[in-house]
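Working through the structure, step by step
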Amino acid sequence: VRRPAMLDIKLIRENPDLVRAGLKTRHSPVDVSAVLELDERRRAAITEADQLKAARNEISKKIGALKKAGEDTADIQRQTREMGEKIAALDEAVRGIEEEQRKLLLAIPNLPHESVPSGEDALDNVVVREWGHKQTFDFEPKDHVALGEALGLFDFERAARMSGAGFPLFTGAGARLERALIQFMLDLHTTKHGYTEISPPYVVTTATMTGTGQLPKMADDMYHAPIDDLWLIPTAEVPVTNIYREEIIREPLPLKFVAHTPCFRREAGSAGQATRGLIRVHQFDKVELVQFVPPGTSYDALEGLVADVEDVLQTLGMTYRVLQLCSGDMSFAAAKCYDLELWAPGHNGWLEDSSCSNFEAFQARRANIRWKNAAGKTEFVHTLNGSGVALSRLYVAILENGQQADGSVVLPEVLRPYMGGIDRLVPKKK
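Bear in mind that the values here come from a model prediction, so they are computed numbers and not experimental data. (Residues numbered from 1 in each chain as written. Predicted model: local features only at pLDDT ≥ 70, side-chain atom pairs only at ≥ 80, totals over all residues. Heavy atoms only, no water.)

**Some points on the sheet that holds strand β13 (residues 378-380)**
The strand order β6-β12-β13 describes an open sheet built from 3 strands, whose pairing is mixed. Each edge of the open sheet is held by one strand with a lone partner, namely β6 (247-249) and β13. Averaged over all neighbouring strand pairs, the angle between strand axes comes to 40°, with direction disregarded. Here β6 runs beside strand β12 (residues 369-372); their pairing, made up of 3 bridges, is parallel. When the bridges of β12 are listed, E247 appears paired with I369. (Pairing = 2+ DSSP bridges. Helix = DSSP H or I, 4+ residues; strand = E, 2+ residues; numbered from the N terminus. Axes fitted to C-alpha atoms, helices over the stretch in contact; angles between N-to-C directions.)

So this is what it looks like as structure tokens:
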């Protein structure tokens, strides 16, 4: 059985038990029976309308002949009018059913790939591999907030006065370090990994957010300007994936894009979680990777995407681990997902810094993104994306792993040319 996208109503109709089993592992509340009941009503109404249209056409053909013969056509014309009214009512009913069905279909998450472990939450994720070693110190390590404030890298108090909690203000060398990280990653992905750089809009339409799966499910986590019906992007994945919305891609696949953007997330309901400093913020910068690939190649492409992200972290000398997410912890649109987590000694824990996902045709079906395969047949592409990587938690890991006993922070060697030759950040003189 070919697995579905958003989800394909034909697959739900023909393999409801497969869909129910997949949704059960995703803890989705969507009632498959309700989807099928609407589908039956829709198809029955269409069939009845088509039969009436055919009958009306046959009757209409007779009217001319009857008039020529001088016969009264009042009854038959009344009959065709009644049929027309019935057809109009059925067509209206079909539109209503289709809208109701569309709402249900948009609420169904992607089904997990067969290689995805079944599980309830993050505790059931599987560690695939680790790279590097956990930094040890002969002094008590500080967290990034204490380090950054002593180094004069950011000012959370003034940022909160401007925008509220969760919005960082980088200053001086802190702002330059953020810019250096962005430039380093863009250069690596475009020169070594073969990505084309994109600079997309930072606000998008509702249709654009729906295409990648952020809406309607995650509306409460996003920033919305209702007067213009525009949304601040939560990730560059949204505008970059939608470059080809409602199109048949003419360029040869695969297509690989990289983009740096700020990202905006309300993260409603996150109060009470660890939000200190840069760990959980409402605005952060990210370098994002997006790929459009032929359907039969997307799982190999996913492994390559993860390798591209790992190259960033290895080149920076970061200690990290790769996790395969279980079915209960994956994002709404993903069929398979890996998370990459950085070791942060100041927090004595792992911090998620990248998610790499294969969406198969889920996003492409929602956004109607197609291509012509080798046989000349038009089909949906497969889309992938990965954080390549997010700045805020990478920033945390660089400070906490590079800290020295005197309060300075040694910078990764690869960043030094982007920092004007500076090899370490030194506390401000009091």
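**Re the pairing of strand β10 (residues 336-344)**
Across the 9 residues of β10, 9 count as buried, placing the element largely inside the fold. The side-chain alternation of β10 yields two buried faces, one formed by K336, Y338, L340, L342 and A344 and the other by C337, D339, E341 and W343. In terms of strand pairing, strand β9 (residues 320-324) meets β10 through 5 bridges, oriented antiparallel. By the bridge assignment, L323 is partnered in β10 with D339. By the bridge criterion, 9 bridges tie β10 to strand β11 (residues 349-358) in an arrangement that is antiparallel. Across the sheet, the residue bridging to D339 is S355, located in β11. Hairpin geometry of β10 and β11 is characterised by an intervening segment of 4 residues between the two adjacent antiparallel strands and by a positive phi of about 50° at N348. (Buried < 20%, exposed > 50% of the residue type's maximum accessible area, 1.4 Å probe, protein only.)

**Thoughts on the packing of helix α7 (residues 173-191) against helix α12 (residues 391-402)**
Where α7 meets α12, the closest approach of the two axes is 11 Å, and the angle between their N-to-C directions is 110°. In this view, α7 runs roughly perpendicular relative to α12, as classed from their interaxial angle. Relative to α12, α7 is oriented so that their crossing is right-handed. Residues G174, L177, E178, L181, I182 and M185 of α7 form the contact with α12, whose own contacting residues are L391, L394, Y395, I398 and L399. A per-class count over the contact of α7 with α12 returns 9 nonpolar, 1 polar and 1 charged. (Parallel < 35°, antiparallel > 145°, perpendicular 65-115°, else oblique. Left-handed = near helix turned anticlockwise from the far one by under 90°. Contact = heavy atoms within 4.5 Å. Nonpolar A, V, L, I, M, F, W, Y, C, P; charged D, E, K, R; others polar.)

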